[in-house]
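Read off the chains here:
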Amino acid sequence: MRVLIDFLKDKRGDAVLLFLIFLVFLSLLFMQVVYYVTNGISAREYLVKVCDEIAYNISLNALDINSAEKGEVVIDITKANKYAEDTFKNLNIPTKNIIVEVKNNYVYVTIVVDGSYYKTTTDFVITGMAKVRDI
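Summarised in this report is the structure supplied together with it.

1. Some remarks on the environment of Val-102
So, step 1. Mapped onto the elements, Val-102 comes out in strand S1 (residues 95–103).
So, step 2. Given the relative accessible area of 31%, Val-102 is considered partly exposed.
So, step 3. Taking C-alpha positions, Val-102 is 8.9 Å from Ile-77, a pair spaced 25 residues apart along the chain.

This is the structure we're talking about:
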């Protein structure tokens, strides 16, 4: 306890230097946190764009033309899943799960991406969507 009291009574400026070192350490810690947060946000934005693009391409390429002429929206789900898996494989994005759904004339592509690929601790669950175009 005596050492701490003597340190705070210091007239040479050691306490000020110690406080500045503490501030430098705190700012480095804050910069590291900001780096991880922005890395996660940019990864999520990129994955949303990819999912939207895949949903749009599925709505164009996997649409059954015969049923579309009758006014129904029928998407070949096996073809859509294959297209989504191939796209993520070509982009080297490690997915844990891919779900392609059609609801109310919209194609939804939901993926679960391992967070360690983007240096985060949690997995990303991303959903992209596109409206099925009328023919």
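Read on for the rest.
2. Some details on the pattern of salt bridges
So, step 1. With the rule as written, the count across this model stands at three salt bridges.
So, step 2. Between Lys-96 and Asp-123 there is a salt bridge, with the nearest N and O atoms lying 2.7 Å from each other. Here Lys-96, found in strand S1, pairs with Asp-123, found in the loop between strand S2 (106–113) and strand S3 (124–131); they are 27 residues apart in sequence, far enough to count as distant.
So, step 3. Since its relative accessible area comes to 53%, Lys-96 is described here as exposed.
So, step 4. Its relative accessible area of 32% is what places Asp-123 among the partly exposed residues.

What counts and how
Residues numbered from 1 in each chain as written. Predicted model: local features only at pLDDT ≥ 70, side-chain atom pairs only at ≥ 80, totals over all residues. Heavy atoms only, no water. Helix = DSSP H or I, 4+ residues; strand = E, 2+ residues; numbered from the N terminus. Buried < 20%, exposed > 50% of the residue type's maximum accessible area, 1.4 Å probe, protein only. Salt bridge = Lys/Arg side-chain N within 4 Å of Asp/Glu carboxyl O.

By themselves, these observations are geometric and do not establish any function.
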